[in-house]
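Chain and residue survey
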Amino acid sequence: MGATNLLEELADFDLPLWAGIDPAARLELQSKLQRIVLPGGEVLFEEGDPADALYMLVSGALGVSVQGSHGEQQRIARIAPPETIGEMALISHAPRSATVTALRDSVLLTLARTDFEDLIERWPAVMLYLSKLLAERLRAATRSKPRTFTPTTFAIVPVTHGVAVSDFAQAFLAEMRQSHGAGVDLVAAMPDEEDENWLYRFEASRERVIYVSPEPSGAWMERCIRHADHVVLLARPGEPLTCEAEALRAAASGWRRHDLVLLQKPDATRPKPAHPSLQGLPVDQRLHVRERSRSDLQRLIRTSSGRAVGLVLAGGGARGFAHLGAIQALQECGFPIDLAGGTSIGAVMAAVCALQINLDEAREIMMEAFVRSPPLNDYTLPLIALIRGLKVDARLSQHFGQRNIEDLWLPFFCVSSNLTTGTTHVHRQGTLWRALRASLAIPGLLPPMVEPEGVLVDGAMMNNLPADIMADFQRGPVLGIDVARDVAFTSAGDEEKKAPLLRRLLGLPADAPDIVNLLYRSATISSDAQTLKARAHATLVIHPPLADVPLRGWEQFERVVEIGYRHTKERIDAGDLDAFRMT
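All values reported here derive from a predicted model rather than from experimental measurement.

Counting its secondary structure elements, the protein chain contains 19 helices and 22 strands. A buried classification covers 54% of the 583 residues belonging to the protein chain. In the protein chain, the share of contacts with a sequence separation of at least 24, taken over all contacts with a separation of at least 6, comes to 77%. For the protein chain, the exposed area adds up to about 25,200 Å²; of that, 54% sits on carbon and sulfur atoms.

Dropping the structure here:
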């Protein structure tokens, strides 16, 4: 486009950058601008790129994202016209601090660095505007709470045969209107006589829009995905990816989110897995929804729209039984649990949630596994650990079977500590019991799990309350339950009272903790700094009073469960959990 046409187009366009500039200066500035069109899905610039220009958004929408601590893209802002982009890096001469992606086909004006520097030197009013803008952004950043991605446009696309797309879409629409109001609408086709602008007007007149594609390919499907913030890929368990859907393997976007939704039979008690051919799809979460199950559909909508409740459970030995009581209180008071994650025994309790095991059954499993026949007593020559770990392996395999993490009713993760790399390892796929075993492997007590990723031990060594990992998913508020913060060893436990004569003969303090308790506590307390950091990512952390419960007080099962129940109930009655209440 020529300079004259661009000036005519900008004549009535009121960019904030114009503020304070006299008409002659404005015309000179406009003459230096270049117009660019950025198709939806394309990147304007990436985090770390050199800053060579300032941009002004004329039409469309842009998404701002940064690289998270675990390698994921964190969506931090949505930019609408008329806003400037990239001025901070130009002022500071630093690389780009974020990645900016076109969420729609967008029109921008660009101003080169040399022209920008000339502009702010000659017209201080421009610099005043930019200073105010940067100050406001800084204030917003310091006030910011854990980020949640709240999409406003959705696309529903089938990827296998046998999916009743229209029926699912209508049920999705009806349920979303129940939870989000009447401003939600659905579009399954664009009128023949209309163009892309019709879709923009359609979106502008509604609060949320659901795009529906009956086929996994074609121009309409591509348009649906290009307009969507969140994509629902619909599949039947066991059905292979259709040939037409192969192109979706390349549909990944640092801003757009993709979930694979497996439609299970209405009476399914255990989710059936996806066909292996679906593995290559760009999927953030895998979700299982029983047909005609309103509760499953409600959970899907919460998880898709940034209203899901993520429950994170800490490790802490026998104190972890308090998680069962807390979960019971949450369920009784109608608080949903949509995602679950944890560390060590907290990982085991989170897996119980993700499996949707009845709480009475869960109590019986824990009683059998830890109280009636404790598994941590198959001692061996301590070349690798004090305990063989065979009993632990057998119990985990018995109660959790050969299920895979990605085939649980709720999205689930647990963490272990990778001694090979010195990093936290997040388990989001693979055999469930092996992931739990790694998360439980207290160094020196239980043998480590040697996996292709490295030597894995108890996750509490590095992150005992992984609220930060849950928050990185950006699915909604995060509720943490911390059972490890209380002091320990304030009085001699039953283990310390054993063999007093042997202790005297060896010259050992009579009230010193034994080696097993020391290993338990060492694994938990070493992550204290990281846990404090992780707690900051939670909307709320519940801390049941457990100081007088020994780390190996398995026999106090009923009492500890009751403490978790009563404390959580008290916090609910006090209104502390209102942020998690679904309206």
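Moving on to the sheet that holds strand 3 (residues 53-59). Read from one edge to the other, the open sheet built from four strands follows the order 1-8-3-6, with strand pairing classed as antiparallel. Because the sheet does not close on itself, it has two edges, and the strands there are strand 1 (34-38) and strand 6 (84-85). In terms of strand pairing, strand 3 meets strand 8 (residues 106-112) through six bridges, oriented antiparallel. Across the sheet, Leu 54 pairs through a bridge with Leu 111, a residue of strand 8.

What follows covers empty space enclosed by the protein. Where empty space is left becomes clear once a probe the size of a water molecule has been rolled over the atoms. Within the structure shown, the criterion is met by five cavities of 30 Å³ or more. Volume-wise, the largest cavity comes out at about 260 Å³. Residue lining of the largest cavity: 22 residues in total, with Val 348, Phe 370, Pro 375, Val 392 and Leu 440 positioned closest to the centre. If you tally residues by element for the lining of the largest cavity, the top one is helix 13 (residues 390-400), at five residues. Its residues assigned to classes, the lining of the largest cavity comprises 17 nonpolar, four polar and one charged.

Where helix 11 (residues 345-355) meets helix 14 (residues 432-440), the axes come as close as 8 Å, and the angle between the chain directions of the two elements is 155°. Viewed along their axes, helix 11 and helix 14 adopt a mutual orientation that is roughly antiparallel. Contacts between helix 11 and helix 14 pair Ile 345, Ala 347, Val 348, Ala 351 and Leu 355 from the former with Leu 432, Leu 436, Ser 439 and Leu 440 from the latter. Across the contact of helix 11 with helix 14, the residue classes tally to eight nonpolar, one polar and no charged.

Within the secondary structure, Arg 226 is located in helix 8 (residues 219-227). A C-alpha to C-alpha distance of 9.6 Å links Arg 226 and Ala 102, two positions 124 residues apart in sequence. Contacts of Arg 226, omitting those with residues within four sequence positions, involve Gly 40, Leu 103, Arg 104, Asp 105, Glu 196 and Arg 256.

Strand order in this open sheet of four strands is 2-7-4-5, and the pairing throughout is antiparallel. What marks the edges here is a single partner per strand, and that holds for strand 2 (43-45) and strand 5 (73-79). Averaged over neighbouring strand pairs, the angle between their axes works out to 30° when direction is ignored. Where strand 2 meets strand 7 (residues 99-102), two bridges bridge the pair, whose relative direction is antiparallel. By the bridge assignment for strand 7, Phe 45 is matched with Val 100.

On to the side chain of Ser 416, then. Among the structural elements, Ser 416 can be located in strand 17 (residues 412-418). There is a polar contact of 2.8 Å between the side chain of Ser 416 and the side chain of His 427. Excluding residues within four positions of it along the chain, Ser 416 makes contact with Thr 423, Thr 424, His 425, His 427, Ala 438, Ser 439, Leu 456, Val 457, Asp 458 and Gly 459.

Tallying each qualifying case throughout the model produces 25 salt bridges. With a shortest N-O distance of 2.9 Å, Asp 185 and Arg 206 are connected by a salt bridge. One end of the pair, Asp 185, is in strand 10 (residues 184-187); the other, Arg 206, is in the loop between helix 7 (196-204) and strand 11 (208-212), and 21 residues separate them in sequence. Residue classification places Arg 206 among the partly exposed residues on the basis of a relative accessible area of 30%.

All right, on to the nonpolar core then. Counting residues in hydrophobic clusters, the biggest one holds 68 residues, and the most contacted among them are Phe 321 and Phe 412. If one sorts the elements of this core by residue count, helix 11 sits on top with 10 residues. Non-local contacts of Phe 321, meaning those with residues more than four positions away in its chain, are made with Ile 345, Met 349, Met 366, Phe 370, Trp 554, Phe 557, Val 560 and Val 561. Listed in part, the 27 residues of the second largest apolar core include Val 157, Val 209, Met 221 and Leu 260.

Rules used in this analysis
- Residues numbered from 1 in each chain as written.
- Predicted model: local features only at pLDDT ≥ 70, side-chain atom pairs only at ≥ 80, totals over all residues.
- Heavy atoms only, no water.
- Helix = DSSP H or I, 4+ residues; strand = E, 2+ residues; numbered from the N terminus.
- Buried < 20%, exposed > 50% of the residue type's maximum accessible area, 1.4 Å probe, protein only.
- Contact = heavy atoms within 4.5 Å.
- Areas by Shrake-Rupley, 256 points an atom, 1.4 Å probe, with all protein chains shown as cover.
- Pairing = 2+ DSSP bridges.
- 1 Å grid on protein atoms, 1.4 Å probe; cavity = no way out; pocket = protein on both sides within 12 Å on 5 of 7 lines; lining within 4 Å.
- Points joined across faces, edges and corners; volume = space filled by probe spheres on them.
- Nonpolar A, V, L, I, M, F, W, Y, C, P; charged D, E, K, R; others polar.
- Axes fitted to C-alpha atoms, helices over the stretch in contact; angles between N-to-C directions.
- Parallel < 35°, antiparallel > 145°, perpendicular 65-115°, else oblique.
- Polar contact = N/O pair within 3.5 Å; in protein donor to acceptor, adjacent residues only side chain to side chain.
- Salt bridge = Lys/Arg side-chain N within 4 Å of Asp/Glu carboxyl O.
- Core = buried A, V, L, I, M, F, W, Y, C linked by side-chain atoms within 4.5 Å.

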